[in-house]
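Per-entry structural report
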Amino acid sequence: EGLSKVCELTGLKGRWQQLQERPLIICDTGHNIGGFQYIVPQLLAQKVKNLRIVFGMVGDKDISAVLAILPQNATYYFTQANIPRALNAEQLQNKAEHFGLKGKHFSTVAEAVANQGPTMKRISPRAQGRAYRIRKRTSHIRIVLKEVE
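Along each chain, the written sequence defines residue order, and numbers are assigned to residues from 1. Owing to the predicted nature of the model, reporting of local features is limited to residues with pLDDT of at least 70; listing and counting of side-chain atom pairs is limited to 80 or more, with chain, interface and lining totals taken over all residues. Hydrogens and waters are ignored; side-chain quantities use all the structure's heavy atoms.

Regarding the pairing of strand E5 (residues 102–105)
By this definition, two strands are paired if DSSP reports at least two bridges between them. We count a stretch as a helix when DSSP gives it H or I for four or more residues in a row; a strand needs E for two or more, and each element gets its number in order from the N terminus. In this sheet, E5 lies alongside strand E4 (residues 75–78) in parallel orientation, the contact comprising four bridges. Within E5, the residue paired with Tyr 77 across the bridge is Lys 104. Orient the strands so they point away from the viewer; a crossover is then right-handed if the path from the first strand over the helix to the second runs clockwise. A crossover connection joins E4 to the parallel E5 through helix H4 (residues 89–97); in handedness this β-α-β unit is right-handed.

Shown next, in the form of structure tokens:
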């Protein structure tokens, strides 16, 4: 019974868990090359303008193999978990830059929240004096990052 209720009992987010629909927020706790070989095709299949990835790893995994398959068109927020095995965020960023991954490093993620922003309304002219309404949806993404004390 405990195994079937891991998320409920521990709060641990698992494989490809959708946390929010608009804007789309997905959590995955992949931690090795096999997990990321499963995650990356799903990331690439998402139709998003700006792919943002909060990324951290532990130092005893094959980091280079994982970094080699991550999408280069994303913005990365390199961070580290509050555990002894966590790889330093700055070291992770330096390794990622060798694979063409761009972003900034932060010691820890205190909070990450995304909400739907205002919808901009525009009109597109059409034939015979008609017009179509265009809705441009926006998002507010707030990531609170802080140094470990």
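As for the pattern of salt bridges
Whenever a carboxyl oxygen of Asp or Glu lies within 4 Å of a side-chain nitrogen of Lys or Arg, that contact is scored as a salt bridge. Following the criterion strictly, the structure yields one salt bridge and no others. Residue Asp 60 is joined to Arg 85 by a salt bridge in which the shortest nitrogen-to-oxygen separation is 3.2 Å. With Asp 60 in the loop between strand E3 (52–55) and helix H3 (63–69) and Arg 85 in the loop between E4 and H4, this pair connects stretches of sequence that are 25 residues apart. When accessible area is computed with a 1.4 Å probe and restricted to protein chains, residues below 20% of their type maximum are described as buried, those above 50% as exposed, and intermediate ones as partly exposed. Assessed through its relative accessible area of 53%, Asp 60 is described here as exposed.

Section: the nonpolar core
To qualify as a nonpolar core, a set must consist of buried Ala, Val, Leu, Ile, Met, Phe, Trp, Tyr and Cys residues joined through side-chain atoms within 4.5 Å. Core analysis: the biggest nonpolar cluster contains 19 residues, and Phe 55, Leu 67, Leu 70 and Tyr 76 have the highest contact counts within it. Contributions of two or more residues to this core are made by helix H2 (33–45), E3, H3, E4 and H4. In this description, contact between two residues means that some pair of their heavy atoms is separated by no more than 4.5 Å. Every residue in contact with Tyr 76, bar those within four places of it in the chain, is listed here: Ile 53, Phe 55, Leu 70, Pro 71, Leu 101, Lys 102, Gly 103 and Lys 104.

What about H2?
Multiplying one less than the number of residues by 1.5 Å gives the expected span of a helix. Over its 13 residues, H2 runs 19 Å from end to end, which matches the ideal 18 Å to within 8%, given 1.5 Å per residue. Taken together, the buried positions of H2 are occupied by Gly 35, Phe 36, Ile 39, Val 40 and Leu 43. Looking at the packing, one finds that the buried side of H2 touches E3 and H3.

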